Amino acid sequence: MRAPAPDADPAARVAAGEPRPHPEEPAAEDELIMHLERDQFVAETSRPVSRAALTQRAVIALWALRVFAIVVSLMVIYTFIEQLN
Amino acid sequence: MASTAAPTAPILTPPPLTDEDAARSFDRSRVHHARLGGRRWSLLWLLVGPGILAMLGENDGPSMIAYASDGAQYGLGFFVPFIPVLFAMAYVCQEMCMRVGAVTHRGYGELVLQRYGAVWGWFAAGDLTLTNLITLVAEFVSIRVGLAYFGLGSGVAVALGLVLVVFTFSGGRYWRWERIVLGMALFNGLFLVAAILVKPHAGAVFGALDFAPFPGGSFNTLLLLLASTIGATVTPWMIFFQQGASADKGMTPRDITHGRYDTAVGAVLAAIFGVGALVAGAALLTHGGGGIQGFAGAGFPEALQHVAGGAAGTVFALGLVEAGAVAILTISASTAYAAAECVGVTHSFNTFPRQAALFYAANFGIALVAALVILIPGAPLLSIALNANVLATVLLPVSLVFMVMLANDRGLMGRFANRRSTNVIGVSVIAFVGICGAAYGIDSFLLATHVIG
C-alpha cells in the first residue's frame, strides 16, 4: 500500500499501518471516527442484540421446518450413498 | 439501529477504537468524500462488491457444469428463460441480506443466534458448514477438471486453490480482499466467450426466451434438474456471505440504493454468464450430448474442442478454473463469517490473522479439508459434485425463513424492514425452493428404496 501524505486523512494513515493518533490529539481522533456510524464500531457490534419474542406457533412452525429439512436431507444423502453402491 | 441487550453508552462518549474500526473508517471516508463531491461513478465503484461477488461466486464450477449439462442434454428451450428467473429470485433474497447487513452492521449468523437463540444459530452454521464443505470439494473438482485439459494434475489444483486463499489474506484489509476476488470473478465472462466461440444461431437463443415447455424425461429427472439448477443459483452460503461482507465493508442505510445496484448487476452478469455456459453446452446437443451426462462435465472442454475448436475448449477449461477458484474464496469466507460470528469472536477481513485467529483458521481450514478430500484415491468426486447443489437446495428454505424474519424485524430494521410486496415474493421463493427440493428428495428416496417403480 502506498504511504499516505503526511497531511492525509488520519484514517488513511492508520489504514496504511501508521500508529493511531494519540488520544491527546482529539481533532485527529475525531476525524478518524467521524466516518463511521456509532453502531458500526466494534465496541457496539460486540454487544448482543436483544432476544426476539417468538410466539408458540412460530416456534412450532420453525421446528417443523427444521425437522422436515433434516429428514429430506437424510433422504438425499441415503439416495446418494445408494447410487454409489 | 439494532436494539442491544445492554444499555448504550452516552452519546457523546466515543467508543474505544480498534484497528478494524480505523481500517473501515478509511473506506468510509472515501465513500463520504465521493458522496460529498457528487462523484456518482466513483461512489458506485466504492460501494459495489458483496452483491457481485455473491452472484458470480454462485456461478461456480458445479453450477456452470450443471448449466452446460442442461444445454447438452435438452438444448436451449426452457432453460434460457429459466436461468434469469432464478437469478431474479436470487436478487430478492440477496437484497434482503444486503439491507439487513447495512442496517444492523452484523452478520446473518450472529443475528440469528442472538435474536432467535443459540439453537437456531448453530443449526444455521451447521447447515452452512456441511453444504460448504461438499460444495468446496466440488470447486476443487472443477479446478482439477479445468487444469486436466492442460495436462495438469490434482496436486496443482489443490495448490492453486489453497495459495489463492492464503494470498487474499495478506494486507489485513477487507477492501483489498474484495477487489482481488472481484477482479478474478469478472473472468466468469469466459463462459460468454465460450458461447460466442461455439457460434450459436442467434435466432435459436432469442427464440428460446418464449419459455418452451420442459423438453422431456422422467418426473425424477425433471425434479433433479429443477433442484440442481435452483441450487446453482440460490444457496445458504450466499446469505451468510453477502450479509457478513456488507457489514464488513461498512455499508450503512445510506448505501442501500447502491447495494441494490451492486446486487442487480451481479444477478444480471451471473444470468448472462450462466446462459453462456448453457449455450456452450448446447453445442454438444447434436453431437452426442447425452454422453456428457455420466461424467458430470469432466469431458466438456475436450468435447467442445472437438465440436467447436480448440479455442472454445480452452476458454471453457479456463472458465471452470476461474469458477472454482472464486467460489473457493467466497464460500470459505462465508464459513469464516459464520463460525466466528456464532462463537462471538472477531470476524472481519479488516484484521490480521493474529487478531482474528478463528476467522482466518475457519477460512483456510475448510478449504484445506475439501482439498484433502480430492486427493483421496477413488473418492466419488463427481457424484459429490452432482449432489452438492441438491443438498444446498434442500437446506435453503430454513435459511431463507430466518432471512425473511430478520428483514421483517422492525426492532432491528426500523423503517428499512420489508414491504408487503417483498414478503409476498420472498415467501413465494421459499415455497418454490422448498417444494422442488423436497419433491426431489422424497421421490429419489422412494425410487432408491423401490417403493415406487
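What you see as residue numbers is a count from 1 along each chain, following the sequence as written. Chains and ligands are labelled sequentially in the order written, the chains with letters from A and the ligands with numbers from 1. Local features in this predicted model are restricted to residues whose pLDDT is 70 or higher, and side-chain atom pairs enter the listing and the counts only when it is 80 or higher, whereas totals over whole chains, interfaces and linings include all residues. Calculated side-chain values reflect all of the structure's heavy atoms, with hydrogen atoms and water omitted.

Visitor: Just checking my understanding: could you explain the overall build of chain A for this structure?
Guide: Helix and strand definitions follow DSSP, with helices as H or I runs of at least four residues and strands as E runs of at least two, each counted in order from the N terminus. A tally of regular secondary structure across chain A gives 4 helices and 0 strands. Split into buried and exposed, the 85 residues of chain A put 36% on the buried side. Note that accessible areas follow from Shrake-Rupley with a 1.4 Å probe, and for residues the cover is restricted to the protein chains shown. Element-wise, carbon and sulfur atoms account for 60% of the exposed surface of chain A, whose accessible area totals about 5300 Å². A 1.4 Å probe rolled over the protein chains alone gives each residue an accessible area, and that area as a share of the maximum for its type sets the label: buried under 20%, exposed over 50%, partly exposed in between.

Visitor: Which parts of the structure should I look at to understand helix α16 (residues 310–343) of chain B?
Guide: Residues separated by three or four positions in an α-helix point in the same direction, a consequence of the helix having 3.6 residues per turn. Residues and elements named next belong to chain B. The end-to-end C-alpha distance of α16, which contains 34 residues, comes to 50 Å, matching closely the 50 Å that a straight helix rising 1.5 Å per residue would cover. With 28 of 34 residues buried, α16 is to be regarded as a mostly interior element. Note on α16: the residue one or two positions beyond its end, G344, has a positive phi of about 90 degrees. A helix is expected to reach a length of 1.5 Å times the quantity of its residues less one.

Visitor: Where do I start with the interface of chain A and chain B in this structure?
Guide: For interface size, the figure often reported is the accessible area lost on association. At the junction of the two partners, chain A supplies 46 residues and chain B supplies 71 residues. Both sides of the chain A and chain B interface together cover about 5000 Å² of buried area, and 67% of this is carbon and sulfur. Salt bridges are identified by distance alone: a Lys or Arg side-chain nitrogen within 4 Å of an Asp or Glu carboxyl oxygen. Where chain A touches chain B, the interface holds 1 salt bridge. A salt bridge links D127(B) to R66(A); the nearest nitrogen and oxygen atoms lie 2.7 Å apart. Identification of polar contacts relies on pairs of N or O atoms within 3.5 Å, with a donor-acceptor requirement for protein atoms, meaning one able to donate a hydrogen and the other able to accept it, and with residues adjacent in sequence counted only if both atoms are side-chain atoms. Taken together, the connections running from chain A to chain B amount to 12 residue pairs in polar contact (both at pLDDT 80 or more). When contributions to the side of chain A that touches chain B are tallied by element, the ones reaching two or more residues are α1 (10–15), α2 (26–33), α3 (42–45) and α4 (56–84) of chain A. Considering every element that reaches the side of chain A that touches chain B, the biggest residue donor is α4(A), with 18 residues. Residues belonging to the side of chain A that touches chain B are distributed by class as follows: 28 nonpolar, 7 polar and 11 charged. Every residue pair with non-hydrogen atoms within 4.5 Å of one another is taken to be in contact. For any pair of parts, buried area is found by adding up, for both, the accessible area (1.4 Å probe) each one loses once the two are put together. Under the scheme applied, nonpolar residues are Ala, Val, Leu, Ile, Met, Phe, Trp, Tyr, Cys and Pro; charged residues are Asp, Glu, Lys and Arg; polar residues are all the others, including Gly.

Visitor: How should the packing of aromatic side chains be read in this particular structure?
Guide: Aromatic ring pairs are defined here through the distance separating the ring centres and the angle between the ring planes. Pairing of aromatic rings covers Phe, Tyr and the six-membered ring of Trp, with a centre-to-centre limit of 6.5 Å; geometry is then stacked below 30 degrees between planes, edge-to-face above 60, and tilted otherwise. Inspection of the entire model under this criterion finds 24 aromatic pairs over all chains. When the centroid spacing of 5.1 Å and the interplanar angle of 90 degrees are considered together, the rings of F78(B) and F79(B) count as edge-to-face. For the pair formed by F78(B) and F79(B), the shared burial category is buried. Ring pairs connect the aromatic residues F169(B), Y174(B), W177(B), W237(B), F241(B), Y337(B), F349(B), F359(B) and Y360(B), which therefore count as one cluster. Between the NZ or CZ atom of R66(A) and the centre of the ring of F123(B), over which it lies, the distance is 4.4 Å. Over the ring of W175(B) we find R30(B), and its NZ or CZ is 4.6 Å from the ring centre. Definition used: whenever NZ (Lys) or CZ (Arg) falls within 6 Å of the ring centre and also within 35 degrees of the ring normal, the charge is taken to sit over that ring.

Visitor: When you look at the environment of G276(B) in this model, what are you seeing that I'm missing?
Guide: Residue and element names in this part refer to chain B. Relative to the helices and strands, G276 resides in helix α14 (residues 256–282). Residues G276 and G71, 205 residues apart in the sequence, show an inter-C-alpha distance of 10.0 Å. Ignoring anything within four residues of it in the chain, the contact list for G276 reads F191, L192 and A195.

Visitor: What should I look at first to understand the pattern of salt bridges in this one?
Guide: Should their charged atoms come close, side chains of opposite charge can pair. All names here are of chain B. Under the counting rule described, the total for this entry stands at 12 salt bridges over all chains. Of the charged contacts in the structure, one is a salt bridge between R24 and E20, with a shortest N-O distance of 2.9 Å. In this pair, R24 and E20 both sit in helix α1 (residues 19–36), 4 residues apart, roughly one turn of the helix. Residue R24 shares its accessibility class with E20, and that shared class is buried.

Visitor: Before we go on, may I ask you to explain the confidence of the model for chain B in this structure?
Guide: As a note on interpretation, predicted positions should not be read in detail where pLDDT is low. All names here are of chain B. Note: pLDDT gives the predictor's confidence per residue, expressed from 0 to 100. Of all residues in chain B, 91% attain a pLDDT of 70 or more, and the chain-wide mean is 87. A low-confidence stretch, residues 5–10 stays under pLDDT 50, and its non-local contacts, those more than four residues away or across chains, total 10 contacts. The low-confidence segment residues 289–296, where pLDDT is below 50, has 14 contacts with residues more than four positions distant or belonging to other chains. The ipTM value of the predicted complex is 0.81, and its pTM value is 0.87.

Visitor: Sorry, what's going on with the packing of helix α4 (residues 61–74) of chain B against α16(B) here?
Guide: Packed helix pairs are specified by the crossing angle of their axes together with the interaxial distance, meaning the distance between the axes. Residue and element names in this part refer to chain B. Look at α4 against α16: their axes get within 8 Å of each other, and the N-to-C directions meet at 140 degrees. When the interaxial angle is binned, α4 and α16 end up oblique. Contact residues: α4 offers G61, M64, I65 and A68, while α16 offers F316, L320, A323 and G324. Its residues assigned to classes, the contact of α4 with α16 comprises 6 nonpolar, 2 polar and no charged. Axis lines are fitted through C-alpha atoms, for helices just across the contact stretch, and the angle between N-to-C directions can take any value from 0 to 180 degrees. Any angle between 65 and 115 degrees counts as roughly perpendicular, while under 35 counts as roughly parallel, over 145 as roughly antiparallel, and the rest as oblique.

Visitor: When you look at the environment of A323(B) in this model, what are you seeing that I'm missing?
Guide: Residues and elements named next belong to chain B. Turning to its location among the elements, A323 is positioned in helix α16. Residue A323 is classed as buried on the basis of its relative accessible area of 1%. Spatially, the C-alpha atom of A323 lies 9.9 Å from that of L186, the residues being 137 residues apart in sequence. A323 has contacts with N59, D60, G61, M64, E139, N188 and F191, leaving out every residue within four places of it along the chain.

Visitor: Teacher, can you tell me more about the nonpolar core here?
Guide: General note: in soluble globular proteins, nonpolar side chains tend to be found buried as a group. All names here are of chain B. Among buried residues, those of type Ala, Val, Leu, Ile, Met, Phe, Trp, Tyr and Cys that are joined through side-chain atoms within 4.5 Å constitute a nonpolar core. Of all hydrophobic cores here, the largest spans 152 residues; its most connected members are F87, Y108, F316 and F349. The leading source of residues in this core is α16, at 17 residues. Among residues more than four places away in sequence, those in contact with Y108 are A124, I239, F240, Q243, E341, V398, S399, F402, M403 and L406. In terms of nonpolar packing, the next biggest core, distinct from the first, is built from 6 residues, V31, A34, L43 and W175 among them.

Visitor: Got a minute to help me understand helix α8 (residues 154–169) of chain B in this structure?
Guide: Residues and elements named next belong to chain B. Taking 1.5 Å of rise per residue, 16 residues should cover 22 Å, and α8 covers 23 Å from first to last C-alpha, within 8% of that figure. Within α8 the residues assigned to the buried category are A157, V158, G161, L162, L164, V165, T168 and F169. Projected onto a plane normal to the axis of α8, the buried residues spread over an arc of 150 degrees and lie on a single side. Where α8 is buried, its residues meet α7 (118–148), α9 (174–185), α16 and α17 (357–374). One or two positions beyond α8, positive phi appears at G171, with a value near 110 degrees. Regarding the arc, it is the one traced by the directions from the helix axis to the C-beta atoms.

Visitor: How should I be thinking about a nonpolar patch on the surface in this particular structure?
Guide: Nonpolar side chains collect at one region of the surface, where W63(A), V67(A), V71(A) and V119(B) lie side by side and expose about 330 Å² of accessible area between them. Tallying contributions element by element places α4(A) first for the nonpolar patch, with 3 residues. With respect to the helices and strands, the residue V119(B) is situated in helix α7. Each patch groups residues whose relative accessible area exceeds 30% and which form no salt bridge, using 9 Å between like charges and 5 Å between nonpolar side chains of Val, Leu, Ile, Met, Phe, Trp and Tyr.

Visitor: Looking at this model, I keep getting lost on empty space enclosed by the protein. Mind explaining?
Guide: A probe as big as a water molecule, rolled over the atoms, marks out the empty space that is left. All names here are of chain B. In this analysis a 1.4 Å probe is tested at points of a 1 Å grid over the protein atoms alone, and where it fits but cannot get out there is a cavity; an open set with protein on both sides within 12 Å along at least five of seven lines is a pocket; lining residues have an atom within 4 Å of a point. Grid points are joined across faces, edges and corners, and a volume is the space filled by probe spheres set on the points. Taken as a whole, this structure holds 2 cavities of 30 Å³ or more when the rule is applied. Within this model, the largest cavity holds a volume of roughly 70 Å³. What lines the largest cavity is simply D27, R28, R30, V31, L46, L47, W175 and K249. Broken down by secondary-structure element, the contributors of at least two residues to the lining of the largest cavity are α1 and α2 (40–47). Looking at the lining of the largest cavity element by element, the count peaks at 4 residues for α1. By residue class, the composition of the lining of the largest cavity is 4 nonpolar, no polar and 4 charged.

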